[in-house]
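Descriptive structure summary
Chain by chain, the residues run as shown.
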Amino acid sequence: MLHEGSDRFRMLGGTLCLDFVNTVGGREETKGGYAVARERLEEPGHLREWASAAGLKTKDAPDLRRAIRFREALYRIFRAAIDGRRPDAEDLAALNRELAAERLAYKSGRFTLGLDDDSLLAAVAADAVKLLTSDQLARVRQCGGESCGWLFLDTSRNRSRQWCDMRDCGNLAKVRRFRERQKM
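Everything quoted here is computed from the prediction, not taken from an experiment.

Section: the nonpolar core
Phe-20, Leu-74 and Phe-78 are the most contacted members of the largest nonpolar core, which totals 28 residues. Elements that contribute at least two residues to this core include exactly α1 (16–21), α2 (44–53), α3 (64–83), α5 (119–132) and β6 (151–153). Residue contributions to this core peak at seven residues, all from α3. Discounting residues that sit within four places of it in the chain, Phe-78 has contacts with Cys-17, Leu-18, Ala-128, Leu-131, Leu-132, Leu-137, Val-140 and Leu-151. Listed in part, the nine residues of the second largest apolar core include Leu-12, Cys-148, Phe-152 and Cys-169.

This is the structure:
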């Protein structure tokens with residue numbers, strides 16, 4: 001299985017929202033789309049651990065089930081964008097709900113944004129909206145690795161990146177091709 005290394009959360013997506021979507025140990029293709037191969041957000045502490053790895057400061061992590069539902073909605077929205085189709089209205093509503101959690105506050109003579117309990121998901125939602133409404137959306141790709149399914153921002157010059165990480169999925173693909181050639 002992919003992404004089974006000692007680091008629970010690896011930041012390979014190129015942007016906060018894609019790193020959040022990638023809090024799975026891969027995705028497997030099913031008749032209806034994709035299913036999570038291995039859940040990495042198994043308990044509330046894992047969400048706080050991800051936030052720390054992502055450089056986010058949070059007092060309390062949001063409800064784990066809510067965070068996972070939001071992550072899956074984001075995944076489906078980005079998949080729809082990759083596939084050039086309209087995202088599901090319920091998924092967009094989930095994104096808009098998390099955006100609404102962001103709050104403007106005034107402390108110590110300054111305005112700040114996103115200070116409530118839900119600032120973690122609100123930060124991810126804001127980052128997703130920023131990416132979805134930018135020219136960079138055309139550079140969002142899904143890893144070609146078998147059973148991976150991670151999303152990433154292709155920042156290569158010729159837009160030809162195929163894997164989330166060459167050390168993982170890229171090397172596995174190379175080894176498979178080599179072994180297939182050896183069988184011939």
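From this point, the narrative continues.
Some thoughts on a nonpolar patch on the surface
Residues Leu-104, Tyr-106 and Phe-111 make up a contiguous nonpolar surface patch of about 400 Å² in total accessible area. Along the chain, Leu-104 falls in strand β3 (residues 104–107).

Some points on the pairing of strand β1 (residues 27–30)
For a regular strand, the rule is simple: side chains alternate between the two faces of the sheet. Where β1 lies against strand β2 (residues 33–36), four bridges are found, and the strand directions are antiparallel. In the strand pairing of β2, Arg-27 is matched with Val-36. In textbook terms, the turn of a hairpin is the stretch between consecutive antiparallel strands, and for β1 and β2 this stretch comprises two residues.

A few points about the packing of aromatic side chains
For the structure shown, the criterion picks out two aromatic pairs. Measuring from centroid to centroid gives 6.1 Å for Phe-20 and Phe-70, while their planes differ by 35°, and the two rings are tilted. Of the two residues, Phe-20 is situated in helix α1 and Phe-70 in helix α3; the sequence distance between them amounts to 50 residues. Accessibility assignment for this pair places Phe-20 and Phe-70 in one class, buried. Of the aromatic side chains, those joined through ring pairs into one cluster are Phe-20, Trp-50 and Phe-70. When the ring centre of Tyr-75 is taken as reference, the NZ or CZ atom of Arg-27 above it lies at 3.7 Å.

As for the pattern of salt bridges
Summed over the entire model, instances satisfying the criterion amount to eight salt bridges. The shortest N-O distance in the salt bridge between Glu-72 and Arg-71 comes to 2.7 Å. In this structure Glu-72 comes out as buried when scored by relative accessible area, which is 15%. Taking relative accessible area as the criterion, Arg-71 reaches 0% and is therefore assigned buried. Taking the shortest distance from any N to any O, the salt bridge between Asp-83 and Arg-85 comes out at 3.5 Å. Under the relative-accessibility criterion, Arg-85 is labelled partly exposed at 46%. Each of Arg-27, Glu-39, Arg-71 and Glu-72 takes part in one network of salt bridges that share partners.

Quick notes on the layout of surface pockets
Estimated volume of the second largest pocket: approximately 190 Å³. Along the walls of the second largest pocket sit Arg-66, Arg-69, Phe-70, Ala-73, Arg-76, Asp-88, Glu-90, Asp-91, Ala-94, Arg-97 and Glu-98, which together make up its complete lining. Those elements giving two or more residues to the lining of the second largest pocket turn out to be α3 and α4 (89–100). Taken together, the residues of the lining of the second largest pocket sort by class into three nonpolar, no polar and eight charged.

Overview of the confidence of the model for the chain
The share of residues in the chain with pLDDT of 70 or more is 83%, and the mean pLDDT across the chain is 83. Looking across the chain, the model is least confident in helix α6 (residues 166–183), with a mean pLDDT of 67, and most confident in α1, with 96.

Details of the side chain of Thr-15
In this structure, Thr-15 sits in the segment before α1. Residues contacting Thr-15, with those up to four places away along its chain left out, are Asp-127 and Leu-131.

Section: the environment of Asp-154
Along the polypeptide, Asp-154 turns up in the loop between β6 and α6. Given the relative accessible area of 0%, Asp-154 is considered buried. In sequence terms Asp-154 and Gln-142 are 12 residues apart; their C-alpha atoms lie 9.5 Å from each other. When residues no more than four places from it in sequence are discounted, the contact partners of Asp-154 are Arg-139, Arg-141, Arg-159, Ser-160 and Arg-161.

Criteria and thresholds
Residues numbered from 1 in each chain as written. Predicted model: local features only at pLDDT ≥ 70, side-chain atom pairs only at ≥ 80, totals over all residues. Heavy atoms only, no water. Core = buried A, V, L, I, M, F, W, Y, C linked by side-chain atoms within 4.5 Å. Buried < 20%, exposed > 50% of the residue type's maximum accessible area, 1.4 Å probe, protein only. Helix = DSSP H or I, 4+ residues; strand = E, 2+ residues; numbered from the N terminus. Contact = heavy atoms within 4.5 Å. Patch = residues over 30% accessible without salt bridge, like charges linked within 9 Å, V, L, I, M, F, W, Y side chains within 5 Å. Areas by Shrake-Rupley, 256 points an atom, 1.4 Å probe, with all protein chains shown as cover. Salt bridge = Lys/Arg side-chain N within 4 Å of Asp/Glu carboxyl O. Pairing = 2+ DSSP bridges. Phe/Tyr/Trp six-rings, centres within 6.5 Å; stacked < 30°, edge-to-face > 60°. Lys NZ or Arg CZ within 6 Å of the ring centre and 35° of its normal. 1 Å grid on protein atoms, 1.4 Å probe; cavity = no way out; pocket = protein on both sides within 12 Å on 5 of 7 lines; lining within 4 Å. Points joined across faces, edges and corners; volume = space filled by probe spheres on them. Nonpolar A, V, L, I, M, F, W, Y, C, P; charged D, E, K, R; others polar. pLDDT = per-residue confidence, 0-100.

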